[in-house]
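# A look at the structure
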Amino acid sequence: MSSTASGIIQTKNSTSAVSPFSFFSLDHKATGLKFVAAASFFLLVGLAALAAALFKSSESVAPDVSDYIVQLWSASGEAVVFAGVLPLLLGIGLYIVPLQIGAAAIAYTRGAATAFWLWFFGVTLLVVSYLLNGGPGGGKRDFVALWFVALAMVLIGLIWVMIAMAASIFAGRAQGMLLERAPYTTWAFLIFSLAGLVLLSVTAAELLLGYVRFENGLVALVDSGQLLPITSSFFTPPAVYILCLPILGVIADIVEVHGGLVLKGRAVLMTLIGALGSIALSVSVLSFASVRSVNLDSMLLVGLIAIVPLVILLFLGGIMMALKSQKHTPTPPLVISIVALLMNLASVSVSLLGVLDPVIQFLKAETTIELVSPIKVGGTAFYDGVYFLVVGSALLGSLAAVAHWSVKLFGRQIKAPVTYLSAFLLVLGTASLGAANVIAGIDDAQAMPTSVDTKEIYSLAGVFGVVLLFAGVGLAGMAVISQLLGKNVGSTTLGWKGLSLEWATASPPVLGNFALAPVVSSSTPLSDENVFPALEATKENEDQKVLTAGGK
């Protein structure tokens, strides 16, 4: 092995790099890549179901097909969130976080690898249950029951990965790496995992309660649509904001690497990420959706929703001020990450329109002031639009992450034109889908899946947006597959280089990640001296041997 002046360790032989097609590999990198690949496929399935649901909700469709909208809507939401975005983010985290914290493996290695297969087969059974007329709105009892089992497998798999991720960050960090020194991505994934553990555990508990009610006849088969609220909290603010958490950390790391700077106010930025996680958790405390729906008129929830744009705005302000103070060359990851952050801000800012009516009603009840609500969006498609905007920003941030760490994932960079085109399709699709539902909600169109009377223009605009999202995800997926099928380029850190520990590994990293144990003394370990003290000691011994031999 050899070392560069910056202390980067590079192995000469890249043939020992872990293959994602080692299906039963326990290595966290193989598991992470399998999550990314499978989640991308299931995300396309979810988008296809969403397009069908939106199309069937238009006025031009015969009324008798509206019976299938509940199933299509439920299937699309579960596929997009539980089989798509959440595992996609977790796959990126599984690959990158152990590298960033200087660990040789993920905690509970066998458990994390097993969790993928549990999740994968759970999603497969989930799709089967819907195809055989099960799930919420389903008409066959056995396959409604299968839906419970399949969704439970999916949730347990995701929970298992989050436990492994959090445990790794708490207990697997390199010597000297305090939490406040951890990279932003690692910190964001810690908050994401802890918040996700609570939200997914609450959802699993609601699923168990729903199964007991269904099996004991409290929910009749003809009323199986009543099972829909079990997962509904993930599709409304503020719980849906959990999808923003990892992206904020990824964006901060990308800005530091591609902007050639070290962000100031580190404690503030990390606090903002933690605050967003706490707000996302609030819905699990205030409601138990299968029994008591999420009350978006609650003044506490209204206040929390109203705070989120301020949190994102402060985060964006810190990023933009840092970039303004430093000359930098635009790169695909940097450009896309900034657009993702702007879209994130737009999605949470739109939510402010939804809190106007509850605030005005509160003021009317508590004061003598006569006020008129300009916008009433309760029970409309408005919050569906907010959900789509958040999902779109999460997908855009994920694309930026894959482009940023492509040399670590695949041994080469993804071509810039493909990355930009995919990002353009995602932005346009998200804007079309999100805006169509937000405007439809303001125009008093009912929320899905009951919106069979939605104006056709809104439904078709939504379908157009989903088609663009499908194309953007598909293009990015094909780029990833082409990289995975290609030959590894080599062992050097190609392209841009950062100061966190993942850049001290080969590209792609070999089994075990690090040949020597790193020792961290700052938040930018690769700018420190003796980050690999064992290497320095070896070099000193070799130098001493040379001097001794020369003396003889």
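Residues numbered from 1 in each chain as written. Predicted model: local features only at pLDDT ≥ 70, side-chain atom pairs only at ≥ 80, totals over all residues. Heavy atoms only, no water.

Looking only at helices and strands, one finds 15 helices and two strands in the protein chain. Within the protein chain, the fraction of its 552 residues that count as buried is 58%. Long-range contacts, defined as pairs at least 24 residues apart, comprise 81% of the intrachain contacts of the protein chain with a sequence gap of at least 6. (Helix = DSSP H or I, 4+ residues; strand = E, 2+ residues; numbered from the N terminus. Buried < 20%, exposed > 50% of the residue type's maximum accessible area, 1.4 Å probe, protein only. Contact = heavy atoms within 4.5 Å.)

A few words on the packing of helix H9 (residues 332-354) against helix H13 (residues 416-442). With their axes 11 Å apart at the nearest point, H9 and H13 run at an angle of 5° to one another. Put simply, H9 runs roughly parallel to H13. Note on element contacts: H13 touches H9 through Ala 416, Thr 419, Tyr 420, Ala 423, Val 427, Thr 430, Val 438 and Ile 442, opposite Pro 332, Val 335, Ile 336, Val 339, Met 343, Val 350 and Leu 353. (Axes fitted to C-alpha atoms, helices over the stretch in contact; angles between N-to-C directions. Parallel < 35°, antiparallel > 145°, perpendicular 65-115°, else oblique.)

What follows deals with empty space enclosed by the protein. Unoccupied space between atoms shows up once a probe the size of one water molecule is rolled over them. Enumeration according to the criterion identifies five cavities of 30 Å³ or more in this entry. The volume enclosed by the largest cavity comes to roughly 230 Å³. Considering the residues around the largest cavity, the lining is formed by 20 residues, among which Ser 40, Leu 399, Val 473, Ala 476 and Gly 477 are closest to the centre. Of all the secondary structure elements, the ones that give two or more residues to the lining of the largest cavity are helix H1 (28-56), helix H11 (382-404), H13 and helix H14 (456-485). Looking at the lining of the largest cavity residue by residue, the class counts come to 15 nonpolar, five polar and no charged. (1 Å grid on protein atoms, 1.4 Å probe; cavity = no way out; pocket = protein on both sides within 12 Å on 5 of 7 lines; lining within 4 Å. Points joined across faces, edges and corners; volume = space filled by probe spheres on them. Nonpolar A, V, L, I, M, F, W, Y, C, P; charged D, E, K, R; others polar.)

As a further point, take the side chain of Thr 331. As for its placement among the helices and strands, Thr 331 is situated in the loop between helix H8 (299-324) and H9. Separated by 2.7 Å, the side chains of Thr 331 and His 258 make a polar contact. Those residues in contact with Thr 331 that sit more than four places away from it in its chain are His 258, Tyr 420 and Trp 496. (Polar contact = N/O pair within 3.5 Å; in protein donor to acceptor, adjacent residues only side chain to side chain.)

All right, on to helix H2 (residues 69-100) then. The end-to-end C-alpha distance of H2 is 44 Å, a good match for the 46 Å that 32 residues give at a rise of 1.5 Å each. The sharpest bend along H2 reaches about 35° and sits at Pro 87. Most of H2 is tucked away: 31 of the 32 residues are buried. Directly beyond the C-terminal end of H2, a positive phi value near 75° is found at Gly 102. (Expected span 1.5 Å × (residues − 1). Bend = angle between axes of the 7 residues up to and from the residue.)

As a further point, take unusual backbone geometry. Following Pro 237, the chain continues to Pro 238 via a peptide bond in cis, the omega torsion being -5°. In this fold, Pro 238 is placed in the loop between helix H5 (184-215) and helix H6 (245-259). Residues Ser 507 and Pro 508 are joined by a peptide bond in cis, for which omega reads -5°. You can see Pro 508 is positioned in the loop between H14 and helix H15 (533-551). Phi is positive for Tyr 108, close to 50°, though the residue is something other than glycine. Mapped onto the elements of the fold, Tyr 108 is located in the loop between H2 and helix H3 (109-131). Its identity as a non-glycine residue notwithstanding, Asn 513 has a phi of 70°, on the positive side. By the element assignment, Asn 513 lies in the loop between H14 and H15.

Let's shift gears to the side chain of Glu 502. Residue position: Glu 502 is located in the loop between H14 and H15. Within the buried core, Glu 502 has no salt-bridge partner, and the shortest N-O distance to an opposite charge, that of Lys 408, equals 8.2 Å. Only 3.0 Å separates the side chain of Glu 502 from the side chain of Trp 405, close enough to count as a polar contact. If we skip the residues at most four places from it in the chain, Glu 502 touches Leu 99, Gln 100, Trp 405 and Lys 408. (Lys, Arg positive; Asp, Glu negative; His and termini not counted. Salt bridge = Lys/Arg side-chain N within 4 Å of Asp/Glu carboxyl O.)

Our focus in this paragraph is the packing of aromatic side chains. Summed over all chains, the structure comprises 20 aromatic pairs. Judged by centre distance (5.8 Å) and plane angle (80°), the ring pair of Phe 42 and Trp 119 falls under edge-to-face. You can see Phe 42 sitting in helix H1 and its partner Trp 119 sitting in helix H3, a full 77 residues away along the chain. Owing to a relative accessible area of 6%, Phe 42 belongs among the buried residues under this scheme. Take Trp 119: its relative accessible area is 0%, and that puts it in the buried class. Plain terms: the ring middles of Phe 120 and Phe 121 are 5.7 Å apart, the flat faces sit at 75° to each other, and that makes the pair edge-to-face. Owing to a relative accessible area of 25%, Phe 120 belongs among the partly exposed residues under this scheme. (Phe/Tyr/Trp six-rings, centres within 6.5 Å; stacked < 30°, edge-to-face > 60°.)

Turning to the pattern of salt bridges, a few remarks are in order. Enumeration according to the criterion identifies one salt bridge in this entry. Its salt-bridge partner being Asp 27, residue Lys 29 comes within 3.0 Å of it at the nearest N-O pair.

A surface patch of nonpolar side chains, about 500 Å² in accessible area, is lined by Phe 41, Val 45, Val 127, Val 128, Leu 131 and Leu 132. A per-element tally of the nonpolar patch places H3 first, with three residues. (Patch = residues over 30% accessible without salt bridge, like charges linked within 9 Å, V, L, I, M, F, W, Y side chains within 5 Å. Areas by Shrake-Rupley, 256 points an atom, 1.4 Å probe, with all protein chains shown as cover.)

Judged by nonpolar contacts, the single largest core of 164 residues is most densely connected at Phe 82, Leu 86 and Trp 119. By residue number, the principal contributor to this core is H2, which donates 19 residues. (Core = buried A, V, L, I, M, F, W, Y, C linked by side-chain atoms within 4.5 Å.)

Let's shift gears to the packing of H1 against H2. Here H1 crosses H2 at 160°, and the two axes come no closer than 7 Å. The angle between the axes of H1 and H2 places the two elements in the roughly antiparallel class. Relative to H2, the crossing made by H1 is left-handed. Of the residues assigned to the contact of H1 with H2, the class counts are 25 nonpolar, eight polar and two charged. (Left-handed = near helix turned anticlockwise from the far one by under 90°.)

Moving on, we come to the confidence of the model for the protein chain. The share of residues in the protein chain with pLDDT of 70 or more is 84%, and the mean pLDDT across the chain is 84. For the protein chain, the element scoring lowest by mean pLDDT is strand E1 (residues 2-3), at 34; helix H4 (residues 141-171) scores highest, at 96. A low-confidence stretch, residues 1-15 stays under pLDDT 50, and its non-local contacts, those more than four residues away or across chains, total 35 contacts. Note on residues 489-494: pLDDT is under 50 here. Beyond four places in sequence and across chains, it has 25 contacts. (pLDDT = per-residue confidence, 0-100.)

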